[in-house]
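# Coordinate inspection notes
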Amino acid sequence: MNTSSIIIAVTYIFVVFLFIIEPWFSRKNVLFGVVFGDNEVWSSDNAKQIRRRYLLESISVAVIITMIISIYYFNSTTEEARVKAFLIGIFAVLIAETIVFVIANRRTRAFKAENLNNGNLVQNKIVIETGVPEREAVISAAYILLLLPLLITTIVVAFWGYGSMPDIIATHYSFTAADAWSQKSWGIVLNPVFVEIVIAAIIAASFLLTRRAPASVRGNPNAAPESMRYRKYINIIILLTGIFMEIDFLTVEIGFITFVHPLLFNIPVIITLLLTVLIFVVYFRFVRVKKPSGAILDDDAKWVLGMFYYNPSDPSVFVEKRVGIGYTVNFARPAAWIFMLGILAFVLITVIYSFYAK
Amino acid sequence: MLLNMDFASDEPIYMQIRNGIVTGIATGKLRDGDPLPSVRTLGADIGVNLHTVNKAYKRLQSEGFIEILRNRGAVIRAGDSEKNVVQFLEIAENSLKNIVSEAITRKVDRAIIHQIMDNIFDELGGNTQ
């Protein structure tokens, strides 16, 4: 088993794990994408039963798929075939677990239909607090300028340093030492710059599109308490992630000129992982444990299958996910499709590029 | 101030925004200098098209209730609204004509309509006498 099959196996396990625990990453008055009037629903017997069934079904599905890919895995002779087994496994889990979620969503809808105690839920009504100053509600767009200094530094290092770079330069590092080298060329030297430009563009777009993203539950200012603060923290974390990724590629660029200790490359990676942990902490602190009050808008119809947001009248491209941490797109907005296709194109280009580079 | 929106109402959304803010000024919940959210923020919060919010804000501006600041939302400037009293009275007379016509048709006494008007004035804290 070498590095690539370890990475893909870990990814596989992580994806399976995320699907199994998914229902626990929502507001307590949201169950499988279905909204209720208060948090009490979470601990009701019916809700517990739906979650238990989901747990049983999602674990069974994961076990079956894991068994099938294990057979493939152990019968494969090449590394490529082993990676492929896990890749197919990831797609199979994605599809099968989504179906399990949709079934749970339908059970929840049925439970909601017969649950008469939904007093706080209202149809077609929303109350907005107009007195929140813009600065408090939305983080300033100017913060994206923080992505520029490191990008400019990398460009400067690339052009000024080109002359003093050796003919053979280290292009990849393991935990302890450089493990891949290339002949010096402008293509190789500017590669970190291009990657940084793409990272900065994705981070800037995510930052700008999520800075006004509404909470997944609306109705009145107390329907999602502290959601503005949560949104701001997430925006800051997005920006910091971009900055630390930029530092990583700046370090690669510096590594072309002079020796850089391999451990230095891992510091930004570790910080990025810590930021991921921070997202979980912030999520639990400002979303999960919050208790809503007042009228809650019943907008289940806008959440297709409890997970895809489709609302033509909503100008937001990004909205908080109903289940799971982070944001999802409003599929009724063309900009959302452009963003998704952009990400897909980026992934495909990266995969094809790395394939041909080999 | 809390702005109540009803998506099922016959009243257009931009009028609901406009009327909500005018009511806020009348009741003293909104005072001169109070900030209003930017068009984008309010649109995102309510979940309606930015043109809808823009239409409401433009109207409030032309009626002299608010001042629109570039990129920073808007603020209440109701002092200007007194300048447009003539225009308001013309519009109000038309609306009242419809109400009074219906009252006459339904044989509702004028004293009752007067009483309702007084009650609304009291409720909103306006100058009653």
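Please read all numbers here as calculations on a predicted model, not as lab measurements.

So, on to the overall build of chain B. A count of helices and strands for chain B gives 5 helices and 4 strands. Mapped in sequence order, the helices and strands of chain B form the string β-α-β-α-α-β-β-α-α. Along the longest, intermediate and shortest principal axes, the C-alpha atoms of chain B span 50 × 30 × 25 Å. By the burial criterion, 26% of the 129 residues in chain B qualify as buried. Within chain B, residue pairs in contact and separated by at least 24 positions form 47% of the contacts whose partners lie at least 6 positions apart.

The next thing to look at is the domain arrangement of chain B. How big an interface is tends to be stated in terms of the accessible area lost upon association of its parts. Each domain of chain B was delimited in the assignment, giving domain 1 (13–81) and domain 2 (84–124). A C-alpha centroid distance of 25 Å is found between domain 1 of chain B and domain 2 of chain B.

A few words on the sheet that holds strand β2 (residues 35–36) of chain B. All names here are of chain B. In spatial order, the strands read β2-β4-β3; together these 3 strands make up an open sheet with antiparallel pairing. Strand pairing shows two members of the sheet lacking a second neighbour, β2 and β3 (66–68), which therefore form its edges. Bridge count for β3 against strand β4 (residues 74–76) is 3 bridges, and the pairing is antiparallel. Directly across from Ile 68, in β4, lies its bridge partner Ala 74. This element, helix α3 (residues 50–62), spans β3 and β4 of the sheet and lies at about 120° to β3.

Before going further, it helps to spend a moment on the packing of helix α2 (residues 39–46) of chain B against α3 of chain B. Residues and elements named next belong to chain B. One can describe the packing of α2 onto α3 by two numbers: an axis separation of 8 Å at closest approach and a directional angle of 125°. Between α2 and α3, the crossing angle belongs to the class labelled oblique. The interaxial crossing formed by α2 with α3 has right-handed handedness. Along its contact with α2, which presents Val 39, Arg 40, Leu 42 and Gly 43, the element α3 presents Leu 50, Val 53, Asn 54 and Tyr 57.

Quick look at the environment of Lys 290 of chain A now. Residues and elements named next belong to chain A. Its location among the elements puts Lys 290 in the loop between α8 (262–288) and β7 (296–297). In this structure Lys 290 comes out as buried when scored by C-beta crowding, with 21 C-beta atoms within 10 Å. Residues Lys 290 and Lys 125, 165 residues apart in the sequence, show an inter-C-alpha distance of 22 Å. If near-sequence neighbours (up to four positions away) are discounted, Lys 290 is found in contact with Pro 225 and Glu 226.

The next subject is the domain arrangement of chain A. All names here are of chain A. Here the domain parsing of chain A yields domain 1 (3–118) and domain 2 (134–357). Averaged C-alpha coordinates put domain 1 and domain 2 at centres separated by 25 Å. Listed by partner, the interface residues are 17 residues for domain 1 and 17 residues for domain 2. For the side of domain 1 that touches domain 2, the elements supplying multiple residues, two or more each, are β2 (34–35) and α3 (79–114). Ranked by residues supplied to the side of domain 1 that touches domain 2, first place goes to α3 with 3 residues. Across the side of domain 1 that touches domain 2, the residue classes break down as 8 nonpolar, 6 polar and 3 charged.

A few words on the interface of chain B and chain A. If you look at the interface, chain B gives 25 residues, while chain A gives 21 residues. Elements with a contribution of two residues or more to the side of chain B that touches chain A: β1 (2–6), β2 and α2 of chain B. Broken down by element, the residue count for the side of chain B that touches chain A peaks at 6 residues, all from α2 of chain B. Counted by class, the side of chain B that touches chain A contains 13 nonpolar, 7 polar and 5 charged residues. In the sheet, strand β4 (residues 125–129) of chain A pairs with β1 of chain B via 5 bridges, with the strands oriented antiparallel. Paired with Ile 128 of chain A across the strands is Leu 3 of chain B, a residue of β1 of chain B.

Residues and elements named next belong to chain A. As for its placement among the helices and strands, Glu 253 is situated in helix α7 (residues 227–257). For the pair Glu 253 and Trp 24, spaced 229 residues apart in the sequence, the C-alpha separation amounts to 42 Å. Glu 253 has contacts with Thr 154, Val 157, Ala 158 and Pro 192, leaving out every residue within four places of it along the chain.

On to the confidence of the model for chain A. Averaged over all residues, the pLDDT of chain A equals 90, while 98% of them reach at least 70. Ranking the helices and strands of chain A by mean pLDDT puts strand β8 (residues 303–304) of chain A first, with 96, and strand β5 (residues 168–173) of chain A last, with 80.

With that settled, consider helix α2 (residues 45–75) of chain A. Residue and element names in this part refer to chain A. The end-to-end C-alpha distance of α2, which contains 31 residues, comes to 45 Å, matching closely the 45 Å that a straight helix rising 1.5 Å per residue would cover. Turning to α2, its buried residues number three or more, namely Ala 47, Ile 50, Tyr 54, Ser 58, Val 61, Ala 62, Ile 65 and Ile 69. Those residues of α2 hidden inside the fold are in contact with α1 (3–21), β1 (30–31) and α3.

In this structure, Ser 58 of chain A sits in helix α2. C-alpha separation for the pair Ser 58 of chain A and Phe 101 of chain A, spaced 43 residues apart in sequence, amounts to 8.3 Å.

All names here are of chain A. With 25 residues, helix α6 (residues 186–210) extends 36 Å from end C-alpha to end C-alpha; this agrees with the ideal 36 Å at 1.5 Å per step. Roughly 35° is the biggest bend found in α6, and it falls at Pro 192. Those residues of α6 not exposed but buried are Val 189, Asn 191, Pro 192, Glu 196, Ile 203, Ser 206, Phe 207 and Thr 210. Buried residues in α6 make contact with α5 (148–161), α7, β10 (318–320) and β11 (327–329).

What counts and what doesn't
- Residues numbered from 1 in each chain as written.
- Chains lettered and ligands numbered in written order.
- Predicted model: local features only at pLDDT ≥ 70, side-chain atom pairs only at ≥ 80, totals over all residues.
- Helix = DSSP H or I, 4+ residues; strand = E, 2+ residues; numbered from the N terminus.
- Buried ≥ 20, exposed ≤ 12 C-beta atoms within 10 Å, placed from the backbone.
- Contact = placed C-beta atoms within 7 Å.
- Domains from an automatic or database assignment.
- Pairing = 2+ DSSP bridges.
- Axes fitted to C-alpha atoms, helices over the stretch in contact; angles between N-to-C directions.
- Parallel < 35°, antiparallel > 145°, perpendicular 65-115°, else oblique.
- Left-handed = near helix turned anticlockwise from the far one by under 90°.
- Nonpolar A, V, L, I, M, F, W, Y, C, P; charged D, E, K, R; others polar.
- pLDDT = per-residue confidence, 0-100.
- Expected span 1.5 Å × (residues − 1).
- Bend = angle between axes of the 7 residues up to and from the residue.

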